[in-house]
Amino acid sequence: MKYAAIRYTSAPLEQGYTDRVLKIDLSSRRIAIEPIAPEIKKAYVGGRGYCLKFVYDGTTAATRHDSPENVLALSGGPFCGETGFVGTGKFIAGTISPLTNTFCDSNVGGHFFPLVKLSGFDAIAVTGKSENRVMVVIDADAGEISMVQAPEGDVTIRGAEGLIEQWKGDGKEANIAFVTAGIGAQHTWFGCLNSVYYDSRRLRCRSKQAGRGGTGTVMCEKGLWGILVKCNAHRSNANHPANHEKVLAAGHKLRDVIREVDPQAMRLVNQGTTSLIDMMNTNEILPVKNFQFGSSEQSQNISGKVFEREVFKQNVPDGCYPGCNLACTKGCENYVLKTGPFAGSRVGVDGPEYETAATASNLGIFEIDYMLEYSWYCDQYSVDTISAGVVMSFVYEACERGLLTEEDTGGLKLTWGDAATALEFLHAMAAGKPGLPAAAGHGVRYMKGWIADRAAARLKRSREDIRAELSLFAMETKGLEFSMYITKESLAQQGGYGFALKGPQHDEAWLIAIDQLRKELPTFEDKAEALLWFPLFRTWFNIVGLCKLPWIDVRNPKAKDTPFPAKNLPTVDYYLELVNGTFGTDKTLDDLLLESERCYMLQKLINLRQGFGTREYDTIPLRAMAPVFMHEYLSRKDYYDTYLKDAAGYSLDGSSNEQRLSLLHQYRRAQYEKLTDVVYKEKGYDQNGIPTDESLKRLGFDQPEFPDIVRAARERVNGIEQAEQERSAAH
Ligand code: SF4
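Residues numbered from 1 in each chain as written. Predicted model: local features only at pLDDT ≥ 70, side-chain atom pairs only at ≥ 80, totals over all residues. Heavy atoms only, no water.

What follows concerns the domain arrangement of the protein. Domain annotation of the protein identifies domain 1 (2-230), domain 2 (266-481) and domain 3 (491-554 + 588-730). Placing the centre of domain 1 and that of domain 3 at their C-alpha centroids yields a distance of 32 Å. Here domain 1 and domain 3 share an interface that buries about 2,700 Å² over both sides, 58% of which is from carbon and sulfur atoms. The tally of links between domain 1 and domain 3 comes to two salt bridges. Scanning the region where domain 1 abuts domain 3 turns up 11 residue pairs in polar contact (both at pLDDT 80 or more). When contributions to the side of domain 1 that touches domain 3 are tallied by element, the ones reaching two or more residues are helix H1 (38-44), helix H2 (47-58), strand E5 (91-96) and strand E6 (103-108). Here the side of domain 1 that touches domain 3 takes seven residues from H2, the largest share from any one element. Residues belonging to the side of domain 1 that touches domain 3 are distributed by class as follows: 16 nonpolar, 15 polar and seven charged. (Domains from an automatic or database assignment. Buried area = accessible area lost by both parts, 1.4 Å probe. Salt bridge = Lys/Arg side-chain N within 4 Å of Asp/Glu carboxyl O. Polar contact = N/O pair within 3.5 Å; in protein donor to acceptor, adjacent residues only side chain to side chain. Helix = DSSP H or I, 4+ residues; strand = E, 2+ residues; numbered from the N terminus. Nonpolar A, V, L, I, M, F, W, Y, C, P; charged D, E, K, R; others polar.)

Moving on, we get to the sheet that holds strand E8 (residues 134-139). With mixed pairing, seven strands are arranged side by side in an open sheet as E1-E9-E8-E13-E10-E11-E12. Looking along the sheet, the strands with just one partner apiece sit at the ends: strand E1 (2-7) and strand E12 (204-210). Here the average twist between neighbouring strands, direction ignored, is 15 degrees. Note that E8 and strand E13 (residues 224-230) share six bridges and pair parallel. Along E13, the bridge assignment pairs Val 136 with Ile 227. Packed on one face of the sheet, helix H4 (residues 160-168) meets E8, strand E10 (176-180), strand E11 (193-199), E12 and E13 and runs near 130 degrees to E10. (Pairing = 2+ DSSP bridges. Axes fitted to C-alpha atoms, helices over the stretch in contact; angles between N-to-C directions. Contact = heavy atoms within 4.5 Å.)

With that settled, the discussion passes to the pairing of E13. The buried fraction of E13 is high, at seven of seven residues. Note: E10 against E13, five bridges, orientation antiparallel. Along E13, the bridge assignment pairs Phe 178 with Leu 228. (Buried < 20%, exposed > 50% of the residue type's maximum accessible area, 1.4 Å probe, protein only.)

With that settled, the discussion passes to the sheet that holds E5. Pairing in this open sheet of six strands is mixed, and the strands run E3-E2-E7-E4-E5-E6 from one edge to the other. Each of the sheet's edge strands pairs with one partner strand only, and the pair in question is strand E3 (30-35) and E6. Averaged over all pairs of adjacent strands, the angle between their axes in this sheet comes to 15 degrees, without regard to strand direction. Bridge count between strand E2 (residues 20-25) and strand E7 (residues 123-127): five bridges; the pairing is parallel. Across the sheet, the residue bridging to Ile 24 is Val 126, located in E7.

If you want it as structure tokens, here you go:
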């Protein structure tokens, strides 16, 4: 059934842009194509920049994730779809998140957005709500965009080949792609958005996920089953860069570096991101038992080498989009599911990625079969593997600490290492089973209150007291669950998570490797500088539609001769050649950073407008800074005692373990606050984390609406401080 349709003509791509946005209003069933003004393009570039702009313009301080006006924005960037370069299949999904109540975005690869661009659009902005589930179809070949009845049944990954066969008509499977979200996204706040495409090498559909922040949940709340794009136009040189030869030459250089370095380094092409497991375990960074510990002897069962040898056996190039020879999108064929609604089915599993594998170690599970099963079901259900895994491990620890009982868990006996029960928990959570599973689907922040409510009466303690205990090990900040790195021994990564505008996700600042492993940020100043530079440069990847891995995970051999090797500047030069080859410009790295800074500032302003964004929202749980409980400290007592003496300068003579742990807490908290002060200054914020008037002006945010947002935030903070002073005076 067709509810609405328009005829249209594809706009040609020029220098990576079509300069058009496709706007879909599900309430009024309006489909409209609008131009993107040159000043918007100049200021926000594309990708995350466009998502921020559409979400900012379309929402207000009162908008919640399920408000009809909430915008679900999707956008690639000028380089998205450039087959002559590396890592160009990426796009961004951004919205007001159910978990954080402010802007959150997630990047995802695959063929979907390159095909959307070929079909004539730089962005898609979806608003409104439909009572019955609909699908939007962009059929560039037929010159029609329509809103039609959604497919029957629970089709996300499973059954996708059938849908593609049905939809392809005279075209090729490879020229069809869609985004969708399944039942887990309907029942949780961390529903992900699947980007599904046909892989002609593996002869099946693959899916990549915009995992973080509940973009899939918002899609479901809007009554949108998904968006399908169909376009058989030629992809080669489709972006029409100003100087195609220059772009191709830059792509060749980067591919040569990858070919030379990756086989001797991370082996992403063979192991995917599972290659990180060993590296993290060796350096006490692999989360084990809800981030209590950073390593386990059992991790040898799940190392990248084991995945390479036993799981990723098909030797096919696994780039998520043509042009990428880092090709890290590994997968496993013919896996027979053992649990859940599809038990017995033979499926192809995409991944698991490092982050997904680490959610298993974080439950004390070191079994590859569990990881495959968990990964496939999370994708099929459309739930973020990270948030789902972290909320599960939080609940496990609450059980371990006696804050939840089997009565609270509905009979689930949650013990570390029990794979069968963990999967039972996942299936129940995705199905929205009443009780613990449905509650856990709202994430860690929500669960603090849920657990405190139950434990307070039983333990005869105050709700606040229990909440405070839970907050020590509840791995969330701003409402988003931590991604999978132990940060206790990396102050830089603590800041990377704490100051990240959307919450603790490493895509804004992944500094753990250069800080803790390579020791490239030895001083406080080095860390602070990195916390300014890396978020900005990483933001740039997200605004232009590029994957960061070829830059950050493949160190150019020439980088060692540069003053700051971690920035990998010789490879950054290839990106500059891509930029200037595409636009016919002479831009410098500083120009790119300035573009990022503007987008970064808009994100900060959205956070402030929504009532967040100040210093208190940049705090991180103690578990992210230090061992919380005595058994964690004792597990690395020698290390911590040496640290307290050598790094912190304490004399430990005659002190008890309790006193040492307390010193460690004080010292680590103070270090984090000190870092916060310095980084805020570098970023152009005041000590409350609010941008100064000069910063706003420098970046062009001096129209009255922006200073008004900042003023309101200052008043809010002043009001809180005054109320606190009055409270302490009254006591
Ligand atoms: S490095 Fe991996 S995720 Fe990035 S574009 Fe290439 S295949 Fe995709």
